[in-house]
Amino acid sequence: MPSLSEETSGSITMLQPGATIGIVGGGQLGRMMALAAKYHGFRIGVLDPTPDCPTAQVSDFQIVAEYDDRKAIHELAERSDVLTYEFENVDADALDEVRGKTAVPQGTDLLRVTQDRVFEKQFINDHGTQTAPWRQVDDFDQLVRAINDLGYPAVLKTRRGGYDGHGQLVLHSDDDLDIVRKREQDTGIFPPSILEGFVDFAFEASILISGNGKDFVTFPIVRNEHRHNILHLTIAPATVDDEVAQETEALALRLANGFELAGTLAIELFITKDNKVIVNELAPRPHNSGHYTIEACSISQFDAHIRGIAGWPLPKPELLSPAVMANVLGQHVAPTRAMIGAHPEWNLHDYGKAEIKHNRKMGHVTVLTSDTASAVSELEATGCWSDLED
Ligand code: AMP
């Protein structure tokens, strides 16, 4: 494959328009990355087991195979100038294997750290940043000791593979401990886990940071509202004191520096009533809470990701307008589509998924507004999201 990455700017090798970016994973994040990449003239290849997946619909080619199919990852690497991924459970060894064939600007350290909650918490703490108090627990006795240390309530999470609250359990009392004991007895398995102290947060927030390996830029801090552990609303910007904004930006920069970040990293946060900023978890990729950036910022999280992995300079993202983003899950598809005519102010995104399922992320709506509280009320008043009301 001809090298399309010869132009250099300082020490950064810059990928040229016409080069091919390979994406492992073909869901909505890959699709929005691909759409951003297309503006710069990049070609896109995607590896995903579902033919005509959301990313394939806007890509140049698809390799239809499982994400952990090594032969397929090699093929994608051979046909791409740069590899990236849209989710964190990619086989890091497989990516290391193909580094002779293609560039992997994000490296694999970021993946290895964010795939494992123990490594992740340790990395965050080592970079001067607060998490919930936590203990590694590999068996039931360790869990009992950890509960003695941290007290109730506490959150038990599997070290690997959890998302949107899957693989986690809030423990309120010894009765809940008994549930865990019984589960271990029934299955004979105690998955490697961590126990976290329960954070009594005022609200949840997140910040995105993007880099090209050398320079880093942050997006505004936003407020996130979850329902049943799935993101429902993002409100941009979050209303926070200056000290919270400064600490959030500073911790994002410390983490990005630590990773020599290329591409976009999402940092999920708890903000406490006494203005402490606590990192919950990291996502080494664009994030659902950053979808608002497509319309509301001078550069989107997807464009920043593409520029970053292409070794391009990154402009500082500016918030052009406050915004509210609401997720469209399977049960919201019909009602939100019925509203297209009535709501020209809605930026309705649909991910092109063939199968509509309850709680599956199918699209989102972003509303630009000068008054986010009113926009939230107006969105809720449509009744489209009434199933999520408390
Ligand atoms: P996670 O899968 O780690 O993002 O957790 C899913 C959700 O569970 C978070 O968005 C929080 O609402 C809640 N949660 C997770 N960890 C804690 C904690 N240590 N204290 C309080 N709430 C938590």
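Because the structure is predicted, anything quoted here is derived from the model rather than measured. (Residues numbered from 1 in each chain as written. Predicted model: local features only at pLDDT ≥ 70, side-chain atom pairs only at ≥ 80, totals over all residues. Heavy atoms only, no water.)

Asks: For helix H10 (residues 301-309), give the residues involved together with the corresponding values.
Replies: Owing to its 3.6 residues per turn, the α-helix brings residues three or four apart onto one side. Within H10, nine of the nine residues are buried, leaving the element largely enclosed by the surrounding structure. For H10, the full list of buried residues reads Gln301, Phe302, Asp303, Ala304, His305, Ile306, Arg307, Gly308 and Ile309. Those residues of H10 that are buried lie in contact with strand S3 (20-24), helix H1 (28-39), strand S6 (82-85), strand S11 (201-212), strand S15 (262-272) and helix H9 (293-296). Looking one or two residues beyond H10, the residue adopting positive phi is Gly311, at roughly 75°. (Buried < 20%, exposed > 50% of the residue type's maximum accessible area, 1.4 Å probe, protein only. Helix = DSSP H or I, 4+ residues; strand = E, 2+ residues; numbered from the N terminus. Contact = heavy atoms within 4.5 Å.)

Asks: Pulling in residues and values, what's your account of the sheet that holds strand S5 (residues 61-63)?
Replies: Read from one edge of the open sheet, four strands run S5-S4-S3-S6, paired in parallel fashion. What marks the edges here is a single partner per strand, and that holds for S5 and S6. Here the average twist between neighbouring strands, direction ignored, is 25°. Bridge count between S3 and strand S4 (residues 43-47): five bridges; the pairing is parallel. Among the inter-strand pairings, Val24 is bridged to a residue of S4, identified as Leu47. Helix-sheet contacts for helix H2 (residues 70-78) involve S3, S4, S5 and S6, and the interaxial angle to S4 is about 175°. (Pairing = 2+ DSSP bridges. Axes fitted to C-alpha atoms, helices over the stretch in contact; angles between N-to-C directions.)

Asks: Go over the packing of aromatic side chains with me, naming the residues and quoting the values.
Replies: Across all of its chains, the model carries five aromatic pairs by this definition. Centroid distance Phe123 to Phe259: 4.0 Å. Interplanar angle 10°. Geometry classified as stacked. In this pair, Phe123 is assigned in helix H5 (residues 117-126) and Phe259 in helix H8 (residues 242-259), connecting sequence segments 136 residues apart. Under the relative-accessibility criterion, Phe259 is labelled buried at 11%. Geometry around Phe61 places Arg79 over its ring, the cationic atom sitting 3.9 Å from the centre. (Phe/Tyr/Trp six-rings, centres within 6.5 Å; stacked < 30°, edge-to-face > 60°. Lys NZ or Arg CZ within 6 Å of the ring centre and 35° of its normal.)

Asks: Before we move on, can you summarise the site of the ligand with the specific residues and values?
Replies: Around the ligand sit 16 residues in total, of which Lys157, Glu196, Val199, Glu204 and Glu281 are the nearest. In this structure, a nitrogen atom belonging to the ligand sits 3.0 Å away from a main-chain N or O atom of Gly197. Within the contact set of the ligand, an oxygen atom lies 2.8 Å away from a side-chain nitrogen or oxygen of Glu281. Relative to its free-state accessible area of 480 Å², the ligand is covered by the protein chains to the extent of 92%. For the shell around the ligand, the secondary structure elements donating two or more residues are strand S8 (154-158), strand S10 (193-197), S11 and strand S16 (277-283). The class makeup of the residues in the shell around the ligand is five nonpolar, six polar and five charged. Of the residues that make up the shell around the ligand, three or more belong to each of domain 2 (133-197) and domain 3 (201-384). (Near = heavy atom within 4 Å. Polar contact = N/O pair within 3.5 Å; in protein donor to acceptor, adjacent residues only side chain to side chain. Areas by Shrake-Rupley, 256 points an atom, 1.4 Å probe, with all protein chains shown as cover. Nonpolar A, V, L, I, M, F, W, Y, C, P; charged D, E, K, R; others polar. Domains from an automatic or database assignment.)

Asks: Which residues make up the packing of H1 against H10, and what values do they have?
Replies: Contact pair H1 / H10: the axes reach a minimum separation of 8 Å and the direction vectors enclose 70°. Of the possible angle classes, the one that applies to H1 and H10 is roughly perpendicular. Regarding H1 and H10, the two cross each other, and that crossing is right-handed. Residues Leu29, Met32, Met33, Ala36 and Ala37 of H1 pack against Phe302, Asp303, His305 and Ile306 of H10. Here the residues of the contact of H1 with H10 are counted per class, giving seven nonpolar, one polar and one charged. (Parallel < 35°, antiparallel > 145°, perpendicular 65-115°, else oblique. Left-handed = near helix turned anticlockwise from the far one by under 90°.)

Asks: Outline the side chain of Asp48, supporting the account with residue identities and numerical values.
Replies: You can see Asp48 is positioned in the loop between S4 and S5. At 8.0 Å, Arg360 is the nearest oppositely charged side chain to Asp48, a buried residue that forms no salt bridge. For Asp48, the side chain forms a polar contact with the main-chain nitrogen of Thr50, separated by 2.9 Å. Look past the residues within four positions of Asp48 in its chain and what remains in contact with it is Gly25, Gly26, Gly27, Cys53, Gln62, Ile63, Val64, Ala65 and Tyr67. (Lys, Arg positive; Asp, Glu negative; His and termini not counted. Salt bridge = Lys/Arg side-chain N within 4 Å of Asp/Glu carboxyl O.)

Asks: Can you explain the domain arrangement of the chain? Please cite residues and give values.
Replies: Along its sequence, the chain is organised into domain 1 (8-104), domain 2 (133-197) and domain 3 (201-384). A straight line from the C-alpha centre of domain 2 to that of domain 3 covers 30 Å.

Asks: Please give an account of the pattern of salt bridges that cites residues and values.
Replies: Tallied over the entire structure, the rule returns 24 salt bridges. Asp149 is paired through a salt bridge with Arg135; the nearest N and O atoms lie 3.0 Å apart. Of this pair, Asp149 sits in helix H6 (residues 140-150) while Arg135 sits in strand S7 (residues 134-137), placing them 14 residues apart in sequence. Between Asp350 and Arg337 there is a salt bridge, with its nearest N and O atoms 2.9 Å apart. Of this pair, Asp350 sits in strand S18 (residues 346-350) while Arg337 sits in helix H11 (residues 333-338), placing them 13 residues apart in sequence. Look at Asp350 and you get partly exposed, because its relative accessible area is 35%. On the basis of relative accessible area, Arg337 is assigned to the partly exposed category, the value being 45%.

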